[in-house]
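Below are the chains, spelled out letter by letter.
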Amino acid sequence: MSKTYRLGVLDGDGIGPEIVPASVEIATAAAEAVGVGIDWLTLPLGSDAITTHDTPVPDETKKTLAELDGWYLGPHDSVSYPEPHKSALNPSGTLRKHFRLFANIRPAKSFPGAEAVCDNADLVIVRENTEGFYADRNTYAGTGEFMPTPDTAIMLGIITREATERVARVAFDLARARRKKLTIVHKANVLKLTTGLFRSVCQEVAEDYPDVTVDDFHIDAMTVHLVRRAQDFDVIVTENMFGDILSDLAGEISGSLGTAPSINASADTAMAQASHGSAPDIAGQDIANPVAMILSGAMLFEWLSSRHDDSAIARAAKIIEAGVATTIERGISTRDLGGSASTSEFTRAVVQAVRDGAGQS
């Protein structure tokens, strides 16, 4: 038996209570197949936590998460929360800020057998997660968005050398492990000081990675390049808001936002979180696509493997990825990928593919 990991489970809102348990079931099957032990701890978060704890992110949840190896975060529907919770920092932003999860890593990869705008995309967007043009996360206290008069709204966009350098190194390390190509995305022709600093610091970090080819594009041009030739890109590094926009676009052109996974990581902990939202319009109908959440769990396993030098949990991650790909290639997928499977039907098929794949590995 390999190391036993303690992982948190935060179901969230909307489709969260459907896709998170599906992901946990698949992750458990993969972990058991390679001899990895996992203790799952379900914790309150979201609308249910408002009912029981009068807050969407209880202090006890944050305290327990600090003692764990990582956690799964389901999507949240904060726009439906009652005030004052609706206007506060949402649960995802709260956890990213509280645990200083500075790197949001979002892959976009096409699946054979799934409908996609670009059927051979395989790229990763590395998004700086603590500052930039997300004003609700870029200050120590309060918010960088405010109104000095009823008719004037101001937002602070903050770029620092320290935050840019640490996320750039994550991106360059990732590029070095992949196809050794990195693209910096910015808007330095207009935002000369802020995104200009982001580009400059990334270029300075590049000097320590002479084996990685580096180019850069303005954010507006990059949206066009992704649509026209997503297959040409490997690792993309950018600031917070640009990364959020680009990763949604990349997820959709590679098949569906329902296939877009991510992790949010610091040097010490990581949170698996699908890139999409809570989809309240389809919640409870057993039709949501769980792929993004499943693959986010696989990414968390890969992160744990690197942090703990554990090859067994790395194998579990690969078994999960292969199980998802095999299932879709066999024509079993949810409606957004052109199939007809329900959430539970797709989950059962992936669990079986994971067990079959583990037996063959």
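What you are looking at is a predicted structure, and each value in this text was computed from that prediction instead of being measured.

Caption draft 1: Spatial organisation of the overall build of the chain. Check the secondary structure of the chain and you find eleven helices and twelve strands. Since a compact globule built from 361 residues should have a radius of gyration of about 21 Å, the 20 Å found for the chain is in line with a globular shape. Taking the principal axes of its C-alpha atoms as reference, the chain extends roughly 55 × 50 × 40 Å. Buried positions account for 55% of the 361 residues belonging to the chain. Once local pairs closer than 6 in sequence are excluded, the contacts in the chain between residues at least 24 apart make up 74%. Looking at the chain as shown, the accessible area adds up to about 15,300 Å², and 51% of this sits on carbon and sulfur atoms. Positive and negative side-chain charges in the chain, numbering 32 and 49 respectively, have mean positions lying 5 Å apart.

Caption draft 2: How the structure looks around the environment of T347. With respect to the helices, strands and loops of the structure, T347 is situated in helix α11 (residues 343–360). Sequence-wise, T347 and S278 are 69 residues apart; in three dimensions their C-alpha atoms are separated by 18 Å. What T347 contacts, discounting residues up to four positions off in sequence, is A22, E25, I26 and P290.

Caption draft 3: Local environment of the nonpolar core. Within the largest apolar cluster, 72 residues are counted, with the highest numbers of intra-cluster contacts made by Y72, L182, V237, F301 and V324. What V237 contacts, discounting residues up to four positions off in sequence, is V126, V167, A171, L182, T183, I184, V185, F198 and C202. With 17 residues, the next largest nonpolar core counts A108, A230, I236 and A250 among its residues.

Caption draft 4: Focus on helix α9 (residues 291–308). For α9, built from 18 residues, the straight-helix expectation of 26 Å at 1.5 Å per residue is met to within 8% by its first-to-last C-alpha distance of 26 Å. A positive phi of about 50 degrees marks D309, the residue just after α9.

Caption draft 5: Structural view of the layout of surface pockets. The calculated volume of the largest pocket comes to roughly 1,100 Å³. Around the largest pocket, the lining is made up of 36 residues, and of these P107, V124, L174, M299 and E302 lie nearest the centre. Broken down by element, the lining of the largest pocket gets its largest block of residues, six residues, from α9. Each residue belonging to the lining of the largest pocket can be placed in one class, and the counts come to 21 nonpolar, six polar and nine charged. Around the second largest pocket sit 15 residues that line it, and K97, R100, T130, R137 and T139 are the ones nearest its centre.

Caption draft 6: Quick look at the environment of S78. Structurally, the position occupied by S78 is in the loop between β3 (70–73) and α4 (91–98). Of the residues examined, S78 reaches a relative accessible area of 13% and is grouped as buried. Placed 236 residues apart in sequence, S78 and A314 show a C-alpha to C-alpha distance of 34 Å. Look past the residues within four positions of S78 in its chain and what remains in contact with it is K86, N90 and P91.

Caption draft 7: Structural context of the packing of aromatic side chains. Counted under the stated rule, the structure contains five aromatic pairs. A centroid spacing of 4.9 Å and a plane angle of 55 degrees characterise the contact between W71 and F99, whose relative ring orientation is tilted. In this pair, W71 sits in strand β3 while F99 sits in the loop between α4 and β4 (103–109), placing the two residues 28 residues apart along the sequence. As far as the burial class goes, W71 and F99 line up, both buried.

Caption draft 8: Fine view of the pattern of salt bridges. In the structure shown here, the tally under the stated rule is 16 salt bridges. A salt bridge links D59 to K62, with the shortest nitrogen-to-oxygen separation between them at 3.7 Å. Placement of the pair is D59 and K62 together in helix α3 (residues 59–65), with a separation of three residues, close to one helical turn. Taken together, the shared-partner salt bridges connect R106, R127, D244 and D248 into one network.

Caption draft 9: Molecular detail of the pairing of β3. In β3, alternate side chains face the same way, and those of G70 and Y72 on one face and W71 and L73 on the other are all buried. Bridge count between strand β1 (residues 4–10) and β3: four bridges; the pairing is parallel. Across the sheet, the residue bridging to G8 is W71, located in β3. Judged from the three bridges that link them, β3 and strand β12 (residues 270–273) form a sheet pairing that is parallel. Note that in β12 the partner of L73 across the bridge is Q273.

Caption draft 10: Representation of a nonpolar patch on the surface within the structure. On the surface, a nonpolar cluster with roughly 230 Å² of combined accessible area is contributed by F146, I154 and L156. Along the chain, I154 falls in strand β7 (residues 152–155). Relative accessible area serves as the criterion here: at 33%, I154 is assigned to the partly exposed category.

Caption draft 11: Quick look at the pairing of strand β10 (residues 235–238). A two-sided burial pattern is seen for β10, the buried positions comprising V235 and V237 on one face and I236 and T238 on the other. Pairing of strand β8 (residues 181–186) with β10 involves three bridges; the strand directions are parallel. Its bridge partner being in β10, T183 is matched across the sheet by I236.

Calculation rules
- Residues numbered from 1 in each chain as written.
- Predicted model: local features only at pLDDT ≥ 70, side-chain atom pairs only at ≥ 80, totals over all residues.
- Heavy atoms only, no water.
- Helix = DSSP H or I, 4+ residues; strand = E, 2+ residues; numbered from the N terminus.
- Rg over C-alpha atoms; globule rule 2.2 N^0.38 Å.
- Buried < 20%, exposed > 50% of the residue type's maximum accessible area, 1.4 Å probe, protein only.
- Contact = heavy atoms within 4.5 Å.
- Areas by Shrake-Rupley, 256 points an atom, 1.4 Å probe, with all protein chains shown as cover.
- Lys, Arg positive; Asp, Glu negative; His and termini not counted.
- Charge placed at Lys NZ, Arg CZ, Asp CG, Glu CD.
- Core = buried A, V, L, I, M, F, W, Y, C linked by side-chain atoms within 4.5 Å.
- Expected span 1.5 Å × (residues − 1).
- 1 Å grid on protein atoms, 1.4 Å probe; cavity = no way out; pocket = protein on both sides within 12 Å on 5 of 7 lines; lining within 4 Å.
- Points joined across faces, edges and corners; volume = space filled by probe spheres on them.
- Nonpolar A, V, L, I, M, F, W, Y, C, P; charged D, E, K, R; others polar.
- Phe/Tyr/Trp six-rings, centres within 6.5 Å; stacked < 30°, edge-to-face > 60°.
- Salt bridge = Lys/Arg side-chain N within 4 Å of Asp/Glu carboxyl O.
- Pairing = 2+ DSSP bridges.
- Patch = residues over 30% accessible without salt bridge, like charges linked within 9 Å, V, L, I, M, F, W, Y side chains within 5 Å.

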